[in-house]
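The primary structure of each chain is shown beneath.
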Amino acid sequence: MAGKRKGPFQRGVGMSNLYFACTDCKTYVDAGYRWASWWLEEPGIVKRGKPVSVELVLSAREYWTPAKTDSADWLYSEVLPSVRRFLEEHRCHRLVFGNTADFLSSDGEGLLDWMQVGFLPLLLPRYFVERLGFQTWDQVSNFIERQDNTPWWWMLEWDDLHAKVRSKFQELVESGTRCRKSVDCKPGGH
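Residues numbered from 1 in each chain as written. Predicted model: local features only at pLDDT ≥ 70, side-chain atom pairs only at ≥ 80, totals over all residues. Heavy atoms only, no water.

1. Quick look at the nonpolar core
Inference 1: Counting residues in each nonpolar core, the largest one holds 55 residues, and the members touching the most others are Phe20, Tyr63, Phe128 and Trp153.
Inference 2: No other element matches the six residues that helix α4 (residues 73-89) contributes to this core.
Inference 3: Each residue touching Phe128, except ones within four places of it in the same chain, is listed here: Leu123, Gly133, Phe134, Val140, Phe143, Ile144, Trp153 and Phe169. (Core = buried A, V, L, I, M, F, W, Y, C linked by side-chain atoms within 4.5 Å. Buried < 20%, exposed > 50% of the residue type's maximum accessible area, 1.4 Å probe, protein only. Helix = DSSP H or I, 4+ residues; strand = E, 2+ residues; numbered from the N terminus. Contact = heavy atoms within 4.5 Å.)

Quick look at the structure:
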């Protein structure tokens, strides 16, 4: 694939961000980077791109109990609570583990249909509409102007991505999407 320009989600499978993703709801949450790799992936509790057993993850004691040090504060205060909430909310849905290349198509198509929740969410249209309740593009622009770092797509001309984000946002607002309904979780469901 020499010479082919890679999109922002095809960085390879080295040590990149790791997530739990619900393919039913098209939402994902940061699993904790190397911490998830060490305590979930290496022991075989999860495998990249494969279905997740919520019960196995919730019972992975080492993952949920890092040593109480300053360097683990981000796990205790941000990552682990949002992962637990995500797993409990989506426990009967189709969940996968991995980096974005494991649950998005190889060309990143459909990215704008997804929403990251929890720790350091990627700012995309569904997040603006469903989590922040924005109704106008001016609200999005003002919000982004107040951020220390702008989203990677904000100034990007590649593939008209900025215009696509704005168009998707407008589509969500016009469709009345305020809060996407989750797939019902029924005993014995998927």
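Right, picking up where we left off after that structure.
2. Some thoughts on the pattern of salt bridges
Once the charged atoms of two side chains with opposite charge are near each other, the side chains can pair.
Inference 1: In total, this model carries six salt bridges according to the counting rule given.
Inference 2: Between Glu55 and Arg91 there is a salt bridge; the shortest N-O distance is 3.4 Å. Here Glu55, found in helix α2 (residues 54-58), pairs with Arg91, found in the loop between α4 and β3 (95-98); they are 36 residues apart in sequence, far enough to count as distant.
Inference 3: In this structure, Lys168 engages Asp113 in a salt bridge whose closest nitrogen and oxygen atoms are separated by 2.6 Å. Within this pair, whereas Lys168 is found in helix α7 (residues 161-174), its partner Asp113 is found in the loop between β3 and β4 (115-117), the two being separated by 55 residues in sequence.
Inference 4: Asp113 gets classed as partly exposed once you look at its relative accessible area, which sits at 26%.
Inference 5: Through salt bridges with shared partners, one network takes in Asp113, Lys168 and Glu171. (Salt bridge = Lys/Arg side-chain N within 4 Å of Asp/Glu carboxyl O.)

Purely geometric numbers; function is a separate question.
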